[in-house]
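# Results of the structural survey
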Amino acid sequence: MVTRRADAERNIAAILDAGQRVLSSDPSASVAEVAKAAGVGRVTLYGHFPSRESLVEAVLTRAVALADASLEDPQLDVLPAVEALSRLVRSSWEVLDRHSALFVAADRMMPSERIREHHAQPLRRIERLIARGRDDGDFRTDLPLSWLVSTFFAILHTAAGEVEAGRLDRADAGEALTLTLRSLLRG
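Given the structure is predicted, the values throughout are model-derived calculations rather than measurements.

What counts and how
- Residues numbered from 1 in each chain as written.
- Predicted model: local features only at pLDDT ≥ 70, side-chain atom pairs only at ≥ 80, totals over all residues.
- Heavy atoms only, no water.
- Helix = DSSP H or I, 4+ residues; strand = E, 2+ residues; numbered from the N terminus.
- Buried < 20%, exposed > 50% of the residue type's maximum accessible area, 1.4 Å probe, protein only.
- Contact = heavy atoms within 4.5 Å.
- 1 Å grid on protein atoms, 1.4 Å probe; cavity = no way out; pocket = protein on both sides within 12 Å on 5 of 7 lines; lining within 4 Å.
- Points joined across faces, edges and corners; volume = space filled by probe spheres on them.
- Nonpolar A, V, L, I, M, F, W, Y, C, P; charged D, E, K, R; others polar.
- Axes fitted to C-alpha atoms, helices over the stretch in contact; angles between N-to-C directions.
- Parallel < 35°, antiparallel > 145°, perpendicular 65-115°, else oblique.
- Left-handed = near helix turned anticlockwise from the far one by under 90°.
- Core = buried A, V, L, I, M, F, W, Y, C linked by side-chain atoms within 4.5 Å.
- Polar contact = N/O pair within 3.5 Å; in protein donor to acceptor, adjacent residues only side chain to side chain.

## Looking at the environment of Leu185
Within the secondary structure layout, Leu185 lies in helix α10 (residues 170-186). By relative accessible area, which is 0% here, Leu185 ends up buried. Once the C-alpha coordinates of Leu185 and Leu145 are considered, the two residues, 40 residues apart in sequence, prove to be 10 Å apart. If we skip the residues at most four places from it in the chain, Leu185 touches Leu85, Ile130, Asp138, Phe139, Arg140 and Leu148.

Next comes the structure, spelled out in structure tokens:
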């Protein structure tokens, strides 16, 4: 395990905080803009993150971990699956909406499989919910579970891209997602 100096830890935290803020407002933001927002020089930033891709990936990792923690909702395991789905979509969309530009930046920089790997924990939550809904007879069983989970993930991220592109109104996205995913899962 690498032990870092306290100032290096503070710099990394400042870079990740700034990266999340800056990339969440402008997916095309440069490394220089992130460094300036973090109060560090580009050399310092590049000392911790050797490329824009590694910076975006680190910010994505952090954002997904924070998002997953905010999605912890014990009610998801006890509500009927259809209600839990609506609740999960609402909370997921709120988180995704806050960081939609960041996910656009990640989509531009990283292979989709790597982005999906970063979402492993939230996807397990979705998989458990869909599996429970299938067991309870609320969700379709004619399609593979893995396909339904992948489609759920893709639709959420597509909504973020549509909002960023101005083709879907931000205020309508949560309801559009809920209706679309309910339709998908109920068959």
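Picking up where we left off.
## A closer look at empty space enclosed by the protein
Where empty space is left becomes clear once a probe the size of a water molecule has been rolled over the atoms. Here the structure, examined in full by the defined rule, presents 1 cavity of 30 Å³ or more. Considering the residues around the largest cavity, the lining is formed by 18 residues, among which Leu71, Ser92, His119, Pro122 and Leu156 are closest to the centre. Only α4 (52-70), α5 (81-98), α8 (120-135) and α9 (145-165) provide two or more residues apiece to the lining of the largest cavity. The residue inventory of the lining of the largest cavity, partitioned by class, reads 13 nonpolar, 3 polar and 2 charged.

## Considering the side chain of His119
With respect to the helices and strands, the residue His119 is situated in the loop between α7 (112-118) and α8. Judged by its relative accessible area of 7%, His119 falls in the buried class.

## Things to note about the packing of α9 against α10
Remark: α9 packs on α10, axes separated minimally by 10 Å, with the N-to-C direction vectors making an angle of 160°. With respect to each other, α9 and α10 are oriented roughly antiparallel. Like other packed secondary-structure pairs, α9 and α10 cross with a definite hand, here right-handed. Across the interface between the two elements, Leu148, Thr151, Phe152, Ile155, Leu156, Ala159, Val163 and Glu164 from α9 touch Arg170, Ala173, Leu177, Thr180, Leu181, Leu184 and Leu185 from α10. Residues of the contact of α9 with α10, tallied by class, amount to 11 nonpolar, 2 polar and 2 charged.

## Description of the environment of Ala165
The topology assignment puts Ala165 in helix α9. Judged by its relative accessible area of 44%, Ala165 falls in the partly exposed class. A C-alpha to C-alpha distance of 25 Å links Ala165 and Leu16, two positions 149 residues apart in sequence.

## Considerations on the nonpolar core
Across soluble globular proteins, nonpolar side chains have a tendency to be buried as a group. Ile15, Leu45, Trp93 and Phe152 are the most contacted members of the largest nonpolar core, which has 54 residues in total. Elements with a contribution of two residues or more to this core: α1 (6-25), α2 (31-38), α4, α5, α6 (100-109), α8, α9 and α10. With sequence-adjacent residues up to four places away left out, Trp93 is seen in contact with Leu156, Ala159, Ala160, Val163, Arg170, Ala173, Gly174 and Leu177.

## Points about α6
Most of α6 is tucked away: 7 of the 10 residues are buried. Taken together, the buried positions of α6 are Ser100, Ala101, Leu102, Phe103, Val104, Ala105 and Ala106.

## Let's talk about the packing of α1 against α2
With their axes 8 Å apart at the nearest point, α1 and α2 run at an angle of 120° to one another. Relative to α2, the element α1 is oriented oblique. As for how α1 packs across α2, the hand of that crossing is right-handed. Across the interface between the two elements, Ala14, Ile15, Ala18, Gly19, Arg21 and Val22 from α1 touch Glu33, Val34, Ala37 and Ala38 from α2. The class makeup of the residues in the contact of α1 with α2 is 7 nonpolar, 1 polar and 2 charged.

## Let's talk about the side chain of Arg125
In this fold, Arg125 is placed in helix α8. Of the residues examined, Arg125 reaches a relative accessible area of 7% and is grouped as buried. Within the structure, Arg125 has its side chain in polar contact with the side chain of Glu72 (distance 3.3 Å). Residues contacting Arg125, with those up to four places away along its chain left out, are Asp68, Leu71, Glu72, Leu76 and Leu88.

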